[in-house]
Amino acid sequence: MAFVKVCTVGDVPLDQGLRVDMGPEPIAIFNLGGEFFAIGDTCTHSDWSLAEGYIEDGQVECTLHMAKFCIRTGKVKAPPATEAVKYYPVKHDGDDVLVDLEGGAYT
Amino acid sequence: MSDALKNIAIVGANLAGGYAAGALRKQGYDGAITLIGEEPDPPYERPPLSKEMLVHPDVSPKTLFVHPLSFYTEHNITLRLGVRAEALDLSGKAVTLADGSRIAADRIILCTGGHARRLNVPGGDLGNVHVLRNLADSRAIAAHLSPGKNVVVIGGGVIGLEVAASARMRGCEVAVVEAAPRLMSRVVTPEISAFLELAHRAKGCVMHIGVGVQSLHGANGIVRAVETTSGVQLAADLVVVGVGIDPAIELAKGAGINCGNGIVVDEFCRTSVPEVLAAGDVANQPNPYLNRRARLENVQNAQNQGAAAAASLLGAGEPYAELPYFWSDQFEYMLQAAGETVICDQAILRGSVESGAFSVFYLTAGVVTGVLAVSQPKNIAAGRRMVMKHSQPDPAALADESSDLRKLIG
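Residues numbered from 1 in each chain as written. Chains lettered and ligands numbered in written order. Predicted model: local features only at pLDDT ≥ 70, side-chain atom pairs only at ≥ 80, totals over all residues. Heavy atoms only, no water.

Caption draft 1: Layout of empty space enclosed by the protein. Residues and elements named next belong to chain B. On inspection of all chains with the given rule, the structure shows 3 cavities of 30 Å³ or more. Forming the boundary of the largest cavity are Ala283, Gln285, Pro286, Asn287, Pro288, Ala294, Leu296, Asn301, Gln305, Tyr320 and Glu322. Of all elements in the fold, only β20 (283–287) and α8 (299–313) reach the threshold of two or more residues within the lining of the largest cavity. Looking at the lining of the largest cavity, the element that brings in the most residues is β20, giving 4 residues. (1 Å grid on protein atoms, 1.4 Å probe; cavity = no way out; pocket = protein on both sides within 12 Å on 5 of 7 lines; lining within 4 Å. Points joined across faces, edges and corners; volume = space filled by probe spheres on them. Helix = DSSP H or I, 4+ residues; strand = E, 2+ residues; numbered from the N terminus.)

Spelled out as structure tokens, the structure:
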């Protein structure tokens, strides 16, 4: 477990995503109603950043072909994607958002 | 589910057919499924054919096959590839194939797609004149693209413009011939046509718009030039014809199924014959967002209508209501459009066309009925929701780039 600071709370507006490229793969940090989650950033269908996606009901919709992923688990919620993205453990330290960049896993 | 339902045949091993097969299993159907396809390949997605596969022919695209081959084995879906379905034998509960075999079928889903139209002019059948519909077409075209080659694209629709951009990116000398007075005239407004024309010209494509094709000239059976109706001769090493598709209705017609611009289906994807359903490019269905019948030739529809037909067949269907959506990549521009993007009484521009990244919202009687964006995908996500919710946002707020579109959905 090696949590590292990836951003501050203020870097990710409410119901928005932020792409962070500091670890083995780019990850997307999401702010869901003040709670922060991290999943793999690259849509498994076609290369596209999920941080740029549209957030609704705890899911992110890829803006390219409208695949949906659960922001809490990385699971696929709508096609055309068929494979999940990893989810990453997130911690807070004051205003800092920390992510275990080596701890990505599939639900 | 009826006990009598033991065999389902899907004609068309394509995106719609592949999704229909997967959806049947997802819904719990455990009888036989046979997926019949004329091409040798299992279901694949067509978007890379006019883009990645032409620009980077040596790299296999990330998104091509709908499912890995193991999917069909694991889900006990029988693939009958490389063989054409010849007829539906409804009383005999079977589909007959060109090799003489019969596939038992209590129910049939027709995902027969369309045939790329060819050019009906003298010389239209010369060598190096290609349409682009399937993998083989794409590979054949890609093999001809190299710096300095003269490529003439006939048709300034989505396929034609994507091929033109891809060929130009490979260093070819590209000319586009479009008979209509503007590009992509069926799906975008004159302002967007003008933007696309300018974009292609700026990249060095020569655009002949409002001009038809008189004939093709060749030597030794290979095309050498395209002669336009204005008498201009365009040198051609390769001609790509992108003038649309005709829905493949032969099987349906042969079985007495009601057809008319495709196979006519109801909102449950049911044809005029109870045992047969249809989905994908071939299906002509009432569309609640367009308030008319429509045959949608796009990826999202093939995928979702295929799955909807499967659910409907098993009695678990809901009325299918797909918001029309398409996208097109041309050079660095990603064009996406949803809903009604031609007819409107107000078009609200958000951003500047000159910057190459902008969005347009189409309103009728104050209600958002369509949205188009160039390289602004997030605005499409919000715009689609506005169309689906019949939003009536303040036009000034829509045009204001600093406004949060999500707050305007209502």
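From this point, the narrative continues.
Caption draft 2: Here's a closer look at the layout of surface pockets. Looking at the second largest pocket, its volume works out to about 1100 Å³. Lining the second largest pocket are 41 residues, with A:Pro79, B:Tyr19, B:Gln303, B:Asn304 and B:Ala307 sitting closest to its centre. Its residues assigned to classes, the lining of the second largest pocket shows 20 nonpolar, 11 polar and 10 charged. Shared between two domains, the lining of the second largest pocket holds at least three residues of each, these being domain 1 (7–38 + 65–115 + 245–313) and domain 3 (332–408) of chain B. (Nonpolar A, V, L, I, M, F, W, Y, C, P; charged D, E, K, R; others polar. Domains from an automatic or database assignment.)

Caption draft 3: Main features of unusual backbone geometry. Each neighbour pair has its own omega, and for A:Pro79 with A:Pro80 the value is 10 degrees, a cis peptide bond. As for its placement among the helices and strands, A:Pro80 is situated in the loop between β8 (76–78) and β9 (87–88). A positive phi is found at B:His390, a non-glycine position, where the angle reads about 55 degrees. Assignment of secondary structure puts B:His390 in the loop between α9 (377–388) and α10 (395–399).

Caption draft 4: Structural context of the packing of aromatic side chains. One pass over the structure, following the stated rule, counts 4 aromatic pairs over all chains. Here B:Phe195 and B:Tyr333 contribute two aromatic rings whose centre-to-centre distance is 5.3 Å and whose plane-to-plane angle is 80 degrees, an arrangement assigned as edge-to-face. In this pair, B:Phe195 sits in helix α6 (residues 190–202) while B:Tyr333 sits in strand β23 (residues 333–339), placing the two residues 138 residues apart along the sequence. A ring pair is formed by B:Phe195 and B:Phe358, whose centres lie 5.1 Å apart and whose planes are at 85 degrees; its orientation type is edge-to-face. Of this pair, B:Phe195 sits in helix α6 while B:Phe358 sits in strand β25 (residues 357–364), placing them 163 residues apart in sequence. As far as burial versus exposure is concerned, B:Phe195 and B:Phe358 are alike and both buried. Taking the ring centre of A:Phe3 as reference, the NZ or CZ of A:Lys91 above it sits at 4.4 Å. (Phe/Tyr/Trp six-rings, centres within 6.5 Å; stacked < 30°, edge-to-face > 60°. Buried < 20%, exposed > 50% of the residue type's maximum accessible area, 1.4 Å probe, protein only. Lys NZ or Arg CZ within 6 Å of the ring centre and 35° of its normal.)

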